[in-house]
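# Remarks on the overall topology
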Amino acid sequence: MATNKIYESCADAIADVCDGATIMFGGWGPTGDPENLIRALVEKGTKNITALASDPGNDRDGIIYGCHPLIKGKQVRKFIGSYHAWNQEFIRQFKAGELEFEVCSQGIFVERIRHGGNGLFGFYTDVGAETVLADKKEKRVIDGKTCVFEPPLKADFAFIKAFVADRWGNLQYRYTGQNFNPTMATAAKVVIAEVENIVGVGSLSPNEIHTSGIYVDRIVKGGYYGPRF
Amino acid sequence: MGQDSKRPLTEEEMCRRVAREIQDGYCVNLGAGMPFPVANYIPEGVHAMMHIEHGVLGVGTVAEPAQRDRDLMGLGRRPLSLVPGAACFSSVEAFTMLRGGHIDLSVLGAFEVSEKGDIANWLLPGECPIIGGAMDIVGHTKCLIAMLTHTTKKGKSKVLKDCLLPVTARRVVNMIVTDLAVMDVTSDGLVLREVAPGYTPEEIQAVTEAKLKISVDLKEIAL
């Protein structure tokens, strides 16, 4: 077992994330989001981020989740995702032209990431082909249906969240905590997994590993998990 | 039927009506907003597996406080429970089920629908877009029900010849349930099947821009 992938702190794990980085963030709503890594990125103050996530998260009734702290701190220049999650600050920045928002239906968003991580170069789909989003996309008729071409998505970093990792980076998720995390784990140059528990290599049953350690570069134990209810 | 009993359906009654379309053995996806509570009104004896894009087939009721789990949540931050036989999976798998045509019925809210089955539910002029998974869903599940109020607050028809707002997809809606009517989208246009209590088909047509054909079996929506 080669390199030690375990980092002592989230700050250490993200130390080389520089301004202008493209970062994928796992999680959907308040589930499966790498909240400790996101807080570290807020402290680091990285600017001009291109963020890829299902949605920008939110702050509702004091429950803060997803990328919201980065949106609030105006650290994100461009956001690629599927909806605004009723995040008023996100909507404000979008309307004011302070934030670019590339909107993509959620299943196409994750499929583009899957292609990015699979050595595939994009695909044709009828999803959105009859909408104004298709105006500038390459089109082709397949089986009598007009389809648009969707290119792959990749990133410099993926910040993901799992329930447990072994020391080599094999990951296991719980319930809806999986969402975009295993796909994003395949599609970035550097994949940083925040986990609630770290166990020894061999402790996880090979039958119960969702993400192989081959994809995971760094592992860090999250220090604090905020309220979600 | 006297004037007293003439009224549009409440949202709960609309959900009850939609729930009657769910058949035993169905796998069903419910959109955020108006359609979400449909799951509460599935008729007794009908066993359906509820799907959400968060990665579950077999969603149960909203979890009781003692059973809440931060890794098991759905639309609108709702803590979920699971039914026996439920499975959890990634987003890729969740959308394979939807786009791949494996889901029997989906119910989505809409801003507008057209007589050809077009649906607009993602973009309002000057507003921030909101797609979620809706664009993946439309046109790919075996049946799509659009659920919306029949008119705007100012009384303008939302059931149109052609959508005025940017469409999500064309010719994809199979059935429309509003607070005034139940309509089927057919190759011949819209067929009015059921009306809200006390309404005549002429009254429904008067607030509907699209041309309605009246079903020979026209009846009141059973509440």
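Note that the structure is predicted; figures quoted are calculated from it, not measured.

## So, the overall build of chain A
- Regarding its fold elements, chain A presents six helices and 14 strands.
- Taken along its principal axes, the extent of the C-alpha atoms in chain A is 55 × 40 × 35 Å.
- For chain A, the proportion of its 229 residues judged to be buried stands at 53%.

## Side note on the overall build of chain B
- Secondary structure assignment for chain B yields four helices and 13 strands.
- Seen through its C-alpha atoms, chain B measures out along the principal axes to roughly 50 × 40 × 30 Å.
- Out of the 223 residues in chain B, the part that is buried amounts to 45%.
- Nonlocal contacts in chain B, meaning residues at least 24 apart in sequence, comprise 63% of its contacts between residues at least 6 apart.

## Re the sheet that holds strand β9 (residues 139-142) of chain A
All names here are of chain A.
- Pairing is antiparallel in the open sheet, where three strands are placed in the order β8-β10-β9. Strands with a single pairing partner mark the edges of an open sheet, and in this sheet they are β8 (123-125) and β9. Going from strand to strand, the sheet's axes swing by 40° on average, the running direction of each strand aside.

## Things to note about unusual backbone geometry
Residues and elements named next belong to chain A.
- In this structure, A85 is a non-glycine residue whose phi angle is positive, near 55°.
- Assignment of secondary structure puts A85 in the loop between β6 (76-81) and α4 (88-95).
- A85 sits in the buried class, given 24 other C-beta atoms within 10 Å.

## Here we look at the interface of chain A and chain B
- Listed as interface residues are 37 residues of chain A and, on the opposing side, 34 residues of chain B.
- When residues of the side of chain A that touches chain B are traced back to their parent elements, those giving at least two are α4, β7 (100-103), α5 (106-118) and α6 (181-184) of chain A.
- Looking at the side of chain A that touches chain B element by element, the count peaks at six residues for α5(A).

## Comments concerning the pairing of strand β11 (residues 181-186) of chain B
Residues and elements named next belong to chain B.
- Where strand β10 (residues 175-177) meets β11, three bridges bridge the pair, whose relative direction is antiparallel. Paired with V177 across the bridge in β11 is V182.
- Between β10 and the antiparallel strand that follows it, β11, lie three residues.
- Of the strand pairs in this sheet, β11 and strand β12 (residues 189-195) are connected by six bridges, and their pairing is antiparallel. In the strand pairing of β12, V182 is matched with E194.

## Considering the environment of B:H150
Residues and elements named next belong to chain B.
- By secondary structure assignment, the location of H150 is in the loop between β8 (144-147) and β9 (159-160).
- Look at H150 and you get buried, because 21 C-beta atoms sit within 10 Å.
- The contact partners of H150, leaving out residues within four places of it in the chain, are K158, V159, T178, D179, L180, A181 and V207.

## A short note on the packing of α5(A) against helix α2 (residues 91-99) of chain B
- Relative orientation of the contacting elements α5(A) and α2(B) amounts to 125°, with a least axis distance of 9 Å. With respect to each other, α5(A) and α2(B) are oriented oblique. When you trace α5(A) past α2(B), the crossing you get is left-handed. Residue-level contacts link A:G107, A:V110, A:E111 and A:R114 of α5(A) to B:S91, B:V92, B:F95, B:L98 and B:R99 of α2(B).
- Partitioning the contact of α5(A) with α2(B) into residue classes produces four nonpolar, two polar and three charged.

## Digging into the environment of A:K78
Residue and element names in this part refer to chain A.
- Here K78 is to be found in strand β6.
- Through-space distance from the C-alpha of K78 to that of F149 is 21 Å; in sequence the pair is 71 residues apart.
- Sequence-distant contacts of K78, defined by excluding residues within four places in its chain, comprise T50, E100 and E102.

## Examining the sheet that holds β10(B)
Residue and element names in this part refer to chain B.
- Reading across the sheet, the ten strands line up as β4-β3-β2-β1-β5-β8-β10-β11-β12-β13 and stay open at both edges, with mixed pairing between neighbours. Among the strands making up the open sheet, the edge pair consists of β4 (80-88) and β13 (212-220). For this sheet the average axis-to-axis angle between neighbouring strands, irrespective of direction, equals 30°.
- Examined bridge by bridge, strand β5 (residues 105-109) and β8 share four bridges and lie parallel to one another. When the bridges of β8 are listed, V107 appears paired with I145.

## Describing the nonpolar core
- In terms of nonpolar packing, the biggest core is built from 130 residues, with A:M24, A:A158 and B:A146 touching the most fellow members.
- With seven residues, the single largest contributor to this core is strand β11 (residues 155-166) of chain A.
- Not counting residues up to four positions away in its chain, the partners in contact with A:M24 are A:L52, A:I113, A:A155, A:A158, A:F159, A:M184, A:A187 and A:A188.

## Examining the confidence of the model for chain B
- Of the residues in chain B, 98% have a pLDDT of 70 or more, and the chain-wide mean is 96.
- Complex prediction metrics read pTM 0.97 and ipTM 0.97.

## Quick look at α5(A)
All names here are of chain A.
- Here α5 contains 13 residues, and its C-alpha end-to-end distance of 18 Å stays within 8% of the 18 Å for a straight helix at 1.5 Å per residue.
- In terms of residue burial, α5 counts as a mostly covered element, since twelve of its 13 residues are buried.
- Inspection of α5 places Q106, G107, I108, F109, V110, E111, R112, I113, R114, H115, G116 and G117 among the buried residues, and these make up the whole buried set.

## Notes on the pairing of β7(A)
Residues and elements named next belong to chain A.
- Of the pairings in the sheet, the one linking β6 to β7 comprises four bridges and is parallel in character. Within β7, the position partnered with G81 by the bridge is V103.
- Handedness of the crossover is the feature at issue here: the chain leaves β6, passes through α4, returns alongside β7, and the resulting connection is right-handed.

The rules behind these values
- Residues numbered from 1 in each chain as written.
- Chains lettered and ligands numbered in written order.
- Predicted model: local features only at pLDDT ≥ 70, side-chain atom pairs only at ≥ 80, totals over all residues.
- Helix = DSSP H or I, 4+ residues; strand = E, 2+ residues; numbered from the N terminus.
- Buried ≥ 20, exposed ≤ 12 C-beta atoms within 10 Å, placed from the backbone.
- Contact = placed C-beta atoms within 7 Å.
- Pairing = 2+ DSSP bridges.
- Axes fitted to C-alpha atoms, helices over the stretch in contact; angles between N-to-C directions.
- Parallel < 35°, antiparallel > 145°, perpendicular 65-115°, else oblique.
- Left-handed = near helix turned anticlockwise from the far one by under 90°.
- Nonpolar A, V, L, I, M, F, W, Y, C, P; charged D, E, K, R; others polar.
- Core = buried A, V, L, I, M, F, W, Y, C linked by C-beta atoms within 7 Å.
- pLDDT = per-residue confidence, 0-100.
- Expected span 1.5 Å × (residues − 1).
- Right-handed = clockwise from strand over helix to strand, strands pointing away.

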